[in-house]
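If you want the building blocks of each chain, they are given just below.
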Amino acid sequence: MVDVDPVTREEALALCEELNRHNHRYYVLDNPTIPDAEYDRLMQRLQRIESQYPSLKTADSPTQRVGGEPLASFKPVAHEVPMLSLDNAFSDDELLDFNRRVTEWLKLSGSLEYACEPKLDGVAVSLLYRDGVLIRGATRGDGAAGEDITENVRTINSIPLKLQTNSPPHLLEVRGEIYLPRAGFEKLNTEARTLGEKLFVNPRNAAAGSLRQLDSKITASRSLEMAAYSLGRIEGLVQPETHSETLELLRRWGFLINPHVEVTADIDGCLSYYRKMVDIRDQLPCDIDGIVYKVNNLYLQQRLGFVARAPRWAIARKFPAQEEITLLKEVEFQVGRTGAVTPVARLEPVFVGGVTVSNATLHNQDEVARLGIKVGDTVIVRRAGDVIPQIVSVVLEKRPVNARDIVFPDHCPICHSPVERVEGEVVTRCSGGLICSAQRKEAIKHYASRKAMDIEGLGDKLVEQLVDQELVHSVEDLYRLQIEQLEGLERMGKKSAQNLLASLDTSKETTFPHFLYALGIREVGEATARSLAQHFGSLALLCSSTREDLLEVTDVGPIVAHFIHEFFQQTDNLDVIKRLKEAGVHWPDIMPQDRQLLPLSGQTWVLTGAMDTMGRAEAKERLQQLGAKVAGSVSAKTSCVVFGADAGSKLKKAKKLGVSVLNEAEFLAMLTANGLL
Ligand code: IVH
């Protein structure tokens, strides 16, 4: 027997204790305090020690069991066929090792076919169908017993209540993952934020929380989905020969099967599948935390069998984590275009979701209070999809004694004017207005941006120099810039100075909606600017409109109407507009007869999936140019759905509702026919 040194013994004990604690938090309390990646690392470390010193493998070691105990509040359900977990591979080499182990076990000389599936980040579920009818839904729990959540799973639209077949098996247990797509997660948290409620840290927690509701009406209000990925108990079914055929069968019977499931001829195919999925991960509608590879042949699966925790025939290849742990080093305050003072977290740089993150917004005072965060804290940072990095929680147990409260300034950090917090608003604002150089800089950056006046070559750094050196005070000064002034600036040669002057000149010829948006009126984004322009047709009419007139405009409510009205009441603003026009900024008015005549006026379109030749932003703008409203979800009122690759539930829904659909080629042809391409 190998002698164990006391230091290693201590470490193993500590790891056991720590992992069990996190396990309990994760599985029972549904409130993890460390990211999965950190958990995986601790688990790997313990596994390594235990394989080196088998005598350290205790009965309560987390490596020996699958999860935690079920909660008391739901009826327990025993799983006749245990719901197992998966072993992890963290690199190409570990995946190749897996393939080697499998091939050797099976004594195969040739290559082996694998089913490759996204590893959906949600909650595993078991659904039992007797004679084709759903009779029970259960969570995985600790793998041996879970909780009865039948009433809740019944509310999930993608779960068939009855199998779509005339000859269902006598008994069928379907397993899969219940998850909350990112859009549903963002919506849920936006609502919670407005109501001042606790936020969910990630879509998986939100899915778990939504399922663990005693009131199934609450579950029904969350847009949960389920994708099926395997079978448990079966009676009266002749199983197909492969896993992929089983999924096909389930798809036919009415289950949602993830659209990215693929079969590869060998392990090399698995490696390229991984790379492909890493590339499109951010664009997927839901979080995935890796890839699951399964030996496709079910007879071979049976021969391979199981070890304690997991099957020998499958492995999960983990993605770079979307949540990581890091240190909050400092909080600084930034001032935006409308004077909003935003706390920005300066972090110990950390690699998360595929990029190195060193800053994250803390939004506002309410968010800081909600997180209960202090400078010096260890925090969990999440970056998923194209959403900006967020701090989702604080690891309180790691708070140092000298952690510091985050104190909001009572004066603007830039111009030192007093800050104010309006009743009922979450934002703290600098009262300096155009005295404040930070606000002026942001206003100019906004004016120059692509969706506004589109001044090519006038980037953020340049705007900062122009304001700092007092060459530009307000947007109209841009048009008075001289070549000599520009040449003196950092990183600005003669050629780029000339180019900038030329693009300033070109930008003078604009459109009414672009100009309106460029003015930076509070709450007036691109879409509102477009509606206003369409509605009033000319600046003169808009300027003289009353609040009541403004309320008639599509998408304009009382708050937005107030901001617009107030903007045009202020003589300073009117002076700026006058001077811009004097400098040569111009646009054609929109004639009344043109306003209603746009080919897609009154229609609502939806974009889904990725197109090869056009980005989402451009497609949206084109549709809006034709008068359509672009919405995020499909309903019976939708006029048309444009779909690209990987289109999923929205396309399905459109087809179900009989809404017309266009593929990429048809969409491009429609744009060409309308003179937009
Ligand atoms: S197969 C015995 N396939 O990952 C095989 N699991 O770590 C067990 N998961 O509890 C599951 N997507 O919640 C399988 N396509 C997929 C999956 C998947 C997500 C989850 C599942 C399971 C966990 C295992």
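Let me begin by describing the structure that accompanies this report. Since the model is a prediction, treat every value here as computed from it, not as a measurement. (Residues numbered from 1 in each chain as written. Predicted model: local features only at pLDDT ≥ 70, side-chain atom pairs only at ≥ 80, totals over all residues. Heavy atoms only, no water.)

This paragraph deals with the overall build of the protein chain. Each helix and strand counted, the protein chain has 25 helices and 22 strands in total. Radius of gyration (C-alpha) of the protein chain: 29 Å, near the 26 Å computed for a compact globule of 677 residues. Dimensions of the protein chain, computed from the C-alpha atoms along their principal axes, are close to 85 × 65 × 50 Å. Expressed as a percentage of its 677 residues, the buried residues of the protein chain come to 50%. In the protein chain, of all internal contacts separated by at least 6 residues, the share reaching a separation of at least 24 is 67%. Here the protein chain has roughly 33,100 Å² of accessible surface; of this, 51% comes from carbon and sulfur atoms. Separation of charge centres in the protein chain, based on 79 positive and 93 negative side chains, amounts to 3 Å. (Helix = DSSP H or I, 4+ residues; strand = E, 2+ residues; numbered from the N terminus. Rg over C-alpha atoms; globule rule 2.2 N^0.38 Å. Buried < 20%, exposed > 50% of the residue type's maximum accessible area, 1.4 Å probe, protein only. Contact = heavy atoms within 4.5 Å. Areas by Shrake-Rupley, 256 points an atom, 1.4 Å probe, with all protein chains shown as cover. Lys, Arg positive; Asp, Glu negative; His and termini not counted. Charge placed at Lys NZ, Arg CZ, Asp CG, Glu CD.)

Quick look at the site of the ligand now. In the vicinity of the ligand, 14 residues are found, and the nearest of them are Glu 117, Leu 120, Glu 177, Tyr 229 and Lys 294. Between Pro 118 and the ligand, the recorded distance is 3.4 Å, taken from a backbone N or O atom to a nitrogen atom. When the free accessible area of the ligand is taken as 520 Å², the share hidden by the protein chains comes to 88%. Those elements that provide at least two residues to the shell around the ligand are strand 3 (114-120) and strand 10 (288-295). Top contributing element to the shell around the ligand by residue count: strand 3, with four residues. (Near = heavy atom within 4 Å. Polar contact = N/O pair within 3.5 Å; in protein donor to acceptor, adjacent residues only side chain to side chain.)

Attention now moves to the sheet that holds strand 22 (residues 660-662). Pairing in this open sheet of four strands is parallel, and the strands run 20-19-21-22 from one edge to the other. Strand pairing shows two members of the sheet lacking a second neighbour, strand 20 (629-631) and strand 22, which therefore form its edges. With direction set aside, neighbouring strand axes in the sheet form an average angle of 30°. Sheet topology note: the strand 19 (residues 604-608)/strand 21 (residues 640-643) ladder contains four bridges and is parallel. (Pairing = 2+ DSSP bridges. Axes fitted to C-alpha atoms, helices over the stretch in contact; angles between N-to-C directions.)

Taken in spatial order, the four strands make up an open sheet running 5-4-7-8, and their pairing is antiparallel. The strands lining the two open edges of the sheet, one partner per strand, are strand 5 (133-139) and strand 8 (225-235). Across the sheet, the mean angle separating the axes of adjacent strands is 25° when strand polarity is ignored. Together, strand 7 (171-179) and strand 8 form the strand contacts of helix 8 (residues 243-252), whose direction differs from that of strand 8 by roughly 110°.

Moving on to the nonpolar core. Residues Tyr 447, Ile 455, Leu 478, Leu 532, Leu 542, Ile 564 and Phe 568 are the most contacted members of the largest nonpolar core, which totals 50 residues. Where this core is concerned, the elements lending two or more residues are helix 12 (437-448), helix 13 (460-468), helix 15 (494-507), helix 16 (512-518), helix 17 (526-536), helix 18 (539-543), helix 20 (558-569) and helix 21 (571-582). Other than its neighbours up to four places away in sequence, Tyr 447 contacts Ala 452, Met 453, Asp 454, Ile 455, Val 475, Leu 478, Tyr 479, Ala 518, Leu 580 and Val 585. In terms of nonpolar packing, the next biggest core, distinct from the first, is built from 34 residues, Leu 95, Ala 227, Val 295 and Ala 314 among them. (Core = buried A, V, L, I, M, F, W, Y, C linked by side-chain atoms within 4.5 Å.)

So, about the packing of aromatic side chains. Counted according to the given criterion, the structure contains eight aromatic pairs. Plain terms: the ring middles of Phe 512 and Trp 587 are 6.0 Å apart, the flat faces sit at 5° to each other, and that makes the pair stacked. Placement of the pair is Phe 512 in helix 16 and Trp 587 in the loop between helix 21 and helix 22 (592-595), with a sequence separation of 75 residues. Given the relative accessible area of 1%, Phe 512 is considered buried. Measuring from centroid to centroid gives 4.4 Å for Phe 515 and Trp 587, while their planes differ by 20°, and the two rings are stacked. Of this pair, Phe 515 sits in helix 16 while Trp 587 sits in the loop between helix 21 and helix 22; the two residues are 72 residues apart in sequence, bridging distant segments of the chain. Of the residues examined, Trp 587 reaches a relative accessible area of 11% and is grouped as buried. Among the aromatic residues, those joined into a cluster by ring pairs are Phe 512, Phe 515 and Trp 587. (Phe/Tyr/Trp six-rings, centres within 6.5 Å; stacked < 30°, edge-to-face > 60°.)

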